[in-house]
Amino acid sequence: MELLSKHALEKHRNKIMEQLNFVPFNILFAKNVVEQKMTGEVFVDNTDYPQIFYILHLYGMSLLLGKSSDEINYKFLENILSRNVEKNKVEWMQA
């Protein structure tokens, strides 16, 4: 997964918002991160043609969104678990 820069986020904002509009539960935190109204990060599988979006809010709420398959799910899990980042806060993930 690659972190989207602010410029790339602006480029893909409409595509991400389209995906978010299909989610049947409250994901206001994710919309606010995508619209850059709240601090957070957006990771994608491919910065040129993203199909998978991982939206992480400053307070630890996260959303995995987009294309899914066993291979994609495994690669995502492997990537998240292998990040060499010290985890000093709780994360609540929705998928």
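Preceding block: the structure.
Keep in mind it's a predicted model, so treat the numbers as computed, not measured.

**Q** Quick one: what's the story with the side chain of His12, residue by residue and with numbers?
**A** Within the secondary structure layout, His12 lies in helix 1 (residues 6–20). Looking at His12, the relative accessible area reads 8%, which means it is buried. Non-local contacts of His12, meaning those with residues more than four positions away in its chain, are made with Leu4, Thr47, Asp48 and Pro50.

**Q** Can you break down the nonpolar core residue by residue, with the values?
**A** Ranked by size, the top nonpolar core spans 18 residues in total, and within it Ile16, Leu20, Val34, Val42 and Ile55 carry the most contacts. At the level of secondary structure, the elements contributing two or more residues to this core comprise helix 1, helix 2 (28–34), strand 2 (40–44), strand 3 (52–57) and strand 4 (61–66). With five residues, the single largest contributor to this core is helix 1. Those residues within four positions of Ile55 in sequence are excluded, and the remaining contacts are Ile16, Leu20, Phe29, Ala30, Val33, Val34, Glu41, Val42, Met61, Ser62 and Leu63. Within the second largest apolar cluster, five residues are counted, among which are Phe43, Ile52, Tyr54 and Leu64.

**Q** Explain the side chain of Asn32 to me, using residue names and the numbers behind them.
**A** With respect to the helices and strands, Asn32 occurs in helix 2. You can call Asn32 buried: its relative accessible area is 14%. Once residues within four sequence positions are removed from consideration, Asn32 is found in contact with Lys37 and Met38.

Reading the values: the criteria
- Residues numbered from 1 in each chain as written.
- Predicted model: local features only at pLDDT ≥ 70, side-chain atom pairs only at ≥ 80, totals over all residues.
- Heavy atoms only, no water.
- Helix = DSSP H or I, 4+ residues; strand = E, 2+ residues; numbered from the N terminus.
- Buried < 20%, exposed > 50% of the residue type's maximum accessible area, 1.4 Å probe, protein only.
- Contact = heavy atoms within 4.5 Å.
- Core = buried A, V, L, I, M, F, W, Y, C linked by side-chain atoms within 4.5 Å.

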